[in-house]
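Tertiary structure, described
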Amino acid sequence: MIKLQNISKYYHTSNSVASGLQKVNLEFSMGEFVVVTGQSGSGKSTLLNVISGLDSYEEGEMYLFGEETSHYLIDDWEKYRASNIGYISQNYNIINSFTVLQNVLVALELQNYPKENRKKRALELIEMVGISHRTHHKAGKLSGGEKQRTVIARALAKDAPIIVCDEPTGNLDTQSSNAIIALIEKLGKNKLIILVTHNYEEVEHIATRRIRLRDGEIIEDQKIVKQEAVNQVQKVDPEKQTIKGKPSWYTLLHFAFRSLFATPKRLFFMLTLQTIITGIFILIYAYLMFSSDLLVGELAGDNDSSHRVEVVKR
Ligand code: ADP
Ligand code: MG
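If you're wondering where the values come from, they're calculated on a predicted model, not measured in any experiment. (Residues numbered from 1 in each chain as written. Chains lettered and ligands numbered in written order. Predicted model: local features only at pLDDT ≥ 70, side-chain atom pairs only at ≥ 80, totals over all residues. Heavy atoms only, no water.)

**Quick notes on the confidence of the model for the chain**
- Residues with a pLDDT of 70 or more make up 86% of the chain, whose mean pLDDT is 85.
- Here residues 229-236 scores under 50 on pLDDT; set against residues more than four positions off or in separate chains, the count is 14 contacts.
- When the criterion is pLDDT under 50, residues 238-244 qualifies, and its contacts beyond four places in sequence or with other chains add up to twelve contacts. (pLDDT = per-residue confidence, 0-100. Contact = heavy atoms within 4.5 Å.)

**Considerations on the site of ligand 1**
- By nearness alone, every residue bordering ligand 1 is listed as Y11, S19, G20, Q39, S40, G41, S42, G43, K44, S45 and T46.
- Take S42: an N or O atom from its main chain is 3.2 Å from an oxygen atom of ligand 1.
- Measuring from an oxygen atom of ligand 1, one finds a backbone N or O atom of G43 at 3.1 Å.
- Looking at the shell around ligand 1, the elements with two or more residues in it are β2 (17-28) and α1 (44-51).
- Across the shell around ligand 1, the residue classes break down as one nonpolar, nine polar and one charged. (Near = heavy atom within 4 Å. Polar contact = N/O pair within 3.5 Å; in protein donor to acceptor, adjacent residues only side chain to side chain. Helix = DSSP H or I, 4+ residues; strand = E, 2+ residues; numbered from the N terminus. Nonpolar A, V, L, I, M, F, W, Y, C, P; charged D, E, K, R; others polar.)

**Digging into the sheet that holds strand β5 (residues 67-68)**
- Taking strand neighbours across the sheet as the criterion, the four strands line up as β2-β1-β4-β5 in an open arrangement whose pairing is antiparallel. Each having just a single partner strand, β2 and β5 make up the two edges of the open sheet.
- With two bridges joining them, strand β4 (residues 59-64) and β5 adopt antiparallel strand pairing. Counted as the bridge partner of L64 is E67 from β5.
- Lying on the sheet, α1 is in contact with β1 (2-12), β2 and β4; it crosses β2 at an angle near 60°. (Pairing = 2+ DSSP bridges. Axes fitted to C-alpha atoms, helices over the stretch in contact; angles between N-to-C directions.)

**What to know about the packing of aromatic side chains**
- With the rule as written, the count across this model stands at two aromatic pairs.
- For the ring pair Y72 and W77, a centre distance of 4.8 Å and an interplane angle of 65° mean the geometry is edge-to-face.
- When its relative accessible area of 14% is taken as the criterion, W77 is described as buried.
- Judged by centre distance (5.9 Å) and plane angle (75°), the rings of W77 and Y80 are edge-to-face. Taken as a pair, W77 and Y80 lie in helix α2 (residues 74-84) at a separation of three residues, close to a single helical turn. The residues W77 and Y80 share a single accessibility class, namely buried.
- The structure contains a cluster of three or more aromatic residues connected by ring pairs, namely Y72, W77 and Y80.
- Lying across the ring of Y63, K3 places its NZ or CZ 5.6 Å from the centre.
- Positioned over the ring face of Y200 is R210, at 3.9 Å from the centre of the ring. (Phe/Tyr/Trp six-rings, centres within 6.5 Å; stacked < 30°, edge-to-face > 60°. Buried < 20%, exposed > 50% of the residue type's maximum accessible area, 1.4 Å probe, protein only. Lys NZ or Arg CZ within 6 Å of the ring centre and 35° of its normal.)

**Looking at the pairing of strand β6 (residues 85-89)**
- The element β6 is largely enclosed, with a buried count of four among its five residues.
- Strand direction decides the pairing type here: β6 and strand β7 (residues 162-166), joined by five bridges, are parallel. Each residue of the ladder has a partner; that of I85, found in β7, is I162.

**Observations regarding the side chain of R149**
- Here R149 lies in helix α5 (residues 144-158).
- The side chain of R149 is buried and forms no salt bridge, while E146, the nearest opposite charge, is found at 7.2 Å.
- Setting aside anything within four residues of it in sequence, one finds R149 in contact with V129, G130, I131, A179, I180 and L183. (Lys, Arg positive; Asp, Glu negative; His and termini not counted. Salt bridge = Lys/Arg side-chain N within 4 Å of Asp/Glu carboxyl O.)

**Things to note about α5**
- The end-to-end C-alpha separation of α5 is 22 Å, in line with the 21 Å expected for 15 residues at 1.5 Å each.
- With twelve of 15 residues buried, α5 is to be regarded as a mostly interior element.
- Close packing links the buried residues of α5 with β6, α3 (100-110), α4 (115-128) and α6 (174-187).
- Phi turns positive one or two residues past the end of α5, at D159, with a value near 55°. (Expected span 1.5 Å × (residues − 1).)

**Some points on the pattern of salt bridges**
- The final tally for this structure, using the stated rule, is twelve salt bridges.
- The salt bridge involving R209 is made with E32; its shortest N-O contact spans 3.0 Å. Remark: E32 occurs in the loop between β2 and β3 (33-38) and R209 occurs in strand β9 (residues 209-214); sequence separation between them is 177 residues. Each of the two residues, R209 as well as E32, counts as buried.
- In this structure, the salt-bridge partner of E124 is R121, at a minimum N-O distance of 3.0 Å. In this pair, E124 and R121 both sit in helix α4, three residues apart, roughly one turn of the helix.
- Within this structure, K9, D55 and E58 form a network of salt bridges that share partners.

**Description of the packing of α5 against α6**
- Between α5 and α6, the shortest axis-to-axis distance is 10 Å and the interhelical angle comes to 10°. With respect to each other, α5 and α6 are oriented roughly parallel. For the pair α5 and α6, contact is made by G145, Q148, R149, I152 and L156 and by S176, A179, I180, L183, I184 and L187, respectively.
- Here the residues of the contact of α5 with α6 are counted per class, giving seven nonpolar, three polar and one charged. (Parallel < 35°, antiparallel > 145°, perpendicular 65-115°, else oblique.)

Written out as structure tokens, the structure is:
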């Protein structure tokens with residue numbers, strides 16, 4: 001379902017060119033649990049970003065469901081990501097000022113999930129990842145493991161067939177790491193999972209394939225266990241791709257207001273600060289106007305016609 005053919009990716013900086021990937025050939029199918037390892041800087045994140053359509057590639061061709069992608073425009077990539085990719089990283093890409101529930105609701109809203117069932121589905125997902133007791137807590141106040149569970153609940157809200165994880169346990173202690181890996185395994189059944197880790201041992205028991213990278217090149221690509229036949233391979237519904245696209249203006253405006261009022265103290269502080277700054281500017285302006293009036297008065301009193309200044313009062 002994803003095929004990379006001679007893919008190369010370069011990063012151009014002002015005086016050098018770094019190579020992210022070099023002539024990578026890979027093919028992934030549903031039901032695989034692919035673990036990608038390699039030293040820091042070997043191109044693991046670049047590979048995930050190219051597969052998720054977050055990063056472009058310069059050479060080669062990537063096929064998604066048999067379709068070439070070298071002609072894809074930003075809109076095509078956005079549609080592809082919205083329908084197909086669940087992204088879990090170690091940076092907990094969640095909104096800290098929102099509650100767990102609000103974070104999951106946002107993901108459902110972006111999917112245009114039917115409004116009347118949204119809350120029910122969000123609560124189900126939160127239950128699935130085992131943090132029901134934190135439903136109404138602000139995400140910023142959760143532990144690392146709980147944050148990561150929220151991220152997973154959000155990724156699941158998408159019900160994407162491909163789950164991409166970039167060092168999902170990078171910031172977690174061993175116990176939380178094991179719990180998160182078990183969760184990814186359980187929830188990722190019948191999907192394609194591509195997971196980057198620096199700790200291969202923690203996923204060894206569930207990996208079906210191991211890929212090792214060095215300096216942007218594949219140095220090992222090994223199938224570990226004979227992959228079980230996937231009975232219920234999840235198919236991508238082409239209709240889904242059309243309903244999921246860019247969020248509507250209403251949705252965006254809704255988020256903007258919601259995030260504004262999610263932190264009332266900050267909002268009050270910003271408004272006060274803005275009022276004070278505006279007040280100071282008005283006072284300075286009024287003072288300057290007043291003093292220029294005085295100056296005009298003095299000049300007007302001077303009757304020397306050679307230096308006469310005509311003043312029109314505003
Ligand atoms: P990994 O995830 O394995 O640590 P990356 O994929 O992040 O590695 O990086 C691979 C190579 O590409 C590194 O040499 C890195 O310096 C370079 N690189 C990655 N991202 C950028 C970027 N945005 N700008 C310039 N170079 C980059
Ligand atoms: Mg990385």
